[in-house]
Amino acid sequence: MEIKIRQASIKDLDAVTEVEMDCFPEAEAATKVSLELRIKTFPESFFVAELNGEIIGFVNGCVINGTVIYDDLFKDSTLHIKKGDYQTIFGLDVMPNYRNQGIAAQLMNYMIEVSRIAGRKGVILTCKKELIYYYTKFGYVDKGISKSVHGGSIWYDLILEF
């Protein structure tokens, strides 16, 4: 399977929105308006995975100077610090029919490498308890339960330091 990873553009908005809605419960999913602002504000850290020209997944997140994600980041793209220290991961989305084929890993490794090349100190994310093991395979360290209450869920803070 030949996956192409590239920077997202505003032309991808409808496809990216569809992927987001298929991957997250409504309370946790980013809205189309939010995804549009993300593409416009931090396109250098918003990447899509394509298969035969179809977007089947993506990874995105702003850049900050802190080491944990806080809820306001999901709502306010102006909190992005272009030359910040830590790349966040807001979403690592892969359409259900394409899961368990290494696509999420390709997207994650791509974001990690781009962050390393950009001179970041590391990458941070929040995830649910059942996904901690998956992210530790990339070198992330579990820092415990997050203060984030995004979507009414319990999240865990993870960090990958370079």
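Cut-off values and rules
- Residues numbered from 1 in each chain as written.
- Predicted model: local features only at pLDDT ≥ 70, side-chain atom pairs only at ≥ 80, totals over all residues.
- Heavy atoms only, no water.
- Helix = DSSP H or I, 4+ residues; strand = E, 2+ residues; numbered from the N terminus.
- Rg over C-alpha atoms; globule rule 2.2 N^0.38 Å.
- Buried < 20%, exposed > 50% of the residue type's maximum accessible area, 1.4 Å probe, protein only.
- Contact = heavy atoms within 4.5 Å.
- Areas by Shrake-Rupley, 256 points an atom, 1.4 Å probe, with all protein chains shown as cover.
- Lys, Arg positive; Asp, Glu negative; His and termini not counted.
- Charge placed at Lys NZ, Arg CZ, Asp CG, Glu CD.
- Pairing = 2+ DSSP bridges.
- Axes fitted to C-alpha atoms, helices over the stretch in contact; angles between N-to-C directions.
- Parallel < 35°, antiparallel > 145°, perpendicular 65-115°, else oblique.
- Left-handed = near helix turned anticlockwise from the far one by under 90°.
- Polar contact = N/O pair within 3.5 Å; in protein donor to acceptor, adjacent residues only side chain to side chain.
- Core = buried A, V, L, I, M, F, W, Y, C linked by side-chain atoms within 4.5 Å.

Q: Explain the overall build of the protein residue by residue, including any values.
A: The secondary structure content of the protein amounts to five helices and nine strands. Expected size for 162 residues packed as a compact globule is a radius of gyration near 15 Å; at 14 Å, the protein falls within 12% of this value. When the backbone C-alpha atoms are referred to their principal axes, the protein occupies close to 40 × 35 × 30 Å. A total of 162 residues make up the protein; the buried ones form 49% of that total. Long-range contacts, defined here as pairs at least 24 residues apart, represent 65% of the contacts in the protein between residues at least 6 apart. Counting only carbon and sulfur atoms, one obtains 53% of the accessible surface of the protein, whose full area is about 8300 Å². With 18 positive and 22 negative side-chain charges, the protein shows a separation of 5 Å between the mean positions of the two kinds.

Q: Quick one: what's the story with the sheet that holds strand S2 (residues 46–51), residue by residue and with numbers?
A: Read across the sheet, four strands follow the order S1-S2-S3-S6 without closing on themselves; strand pairing throughout is antiparallel. On the outer flanks of this sheet lie strand S1 (3–7) and strand S6 (91–94), each paired with one strand and no other. Averaged over all pairs of adjacent strands, the angle between strand axes in this sheet comes to 25 degrees, irrespective of strand direction. Looking at chain direction, strand S3 (residues 54–60) and S6 are connected through four bridges and run antiparallel.

Q: Describe the side chain of Asp12, naming the residues involved and giving the relevant values.
A: Locating Asp12 in the fold gives a position in the loop between S1 and helix H1 (13–23). The contact partners of Asp12, leaving out residues within four places of it in the chain, are Arg6, Gln7, Val48 and Ile55.

Q: Explain unusual backbone geometry to me, using residue names and the numbers behind them.
A: Phi at Asn52 takes a positive value of approximately 50 degrees, unusual for a residue other than glycine. Relative to the helices and strands, Asn52 is located in the loop between S2 and S3. Its identity as a non-glycine residue notwithstanding, Asn100 has a phi of 65 degrees, on the positive side. Among the secondary structure elements, Asn100 is positioned in the loop between S6 and helix H4 (103–117).

Q: Residue-level account of the packing of H1 against helix H2 (residues 32–41), with values.
A: It is the contact of H1 with H2, at a shortest axis distance of 10 Å, that shows an interaxial angle of 125 degrees. When the axis of H1 is compared with that of H2, the two are oblique. The crossing of H1 and H2 is right-handed. Each of Leu13, Asp14, Val16, Thr17 and Glu20 in H1 lies in contact with H2, whose residues at this interface are Lys32, Leu35, Glu36 and Ile39.

Q: With reference to specific residues and values, describe the side chain of Gln87.
A: Mapped onto the secondary structure, Gln87 falls in strand S5 (residues 86–89). Its relative accessible area of 2% is what places Gln87 among the buried residues. There is a polar contact of 2.7 Å between the side chain of Gln87 and the backbone oxygen of Gly61. Those residues within four positions of Gln87 in sequence are excluded, and the remaining contacts are Ser45, Gly61, Cys62, Val63, Met111, Ser115, Arg120, Gly122, Val123 and Ile124.

Q: Outline the nonpolar core, listing residues and values.
A: Counting residues in hydrophobic clusters, the biggest one holds 38 residues, and the most contacted among them are Ile89, Leu107, Met108, Leu125, Tyr135, Tyr140 and Leu158. Core analysis: the second largest hydrophobic core is formed by 10 residues, Phe42, Ile64, Phe74 and Phe90 among them.

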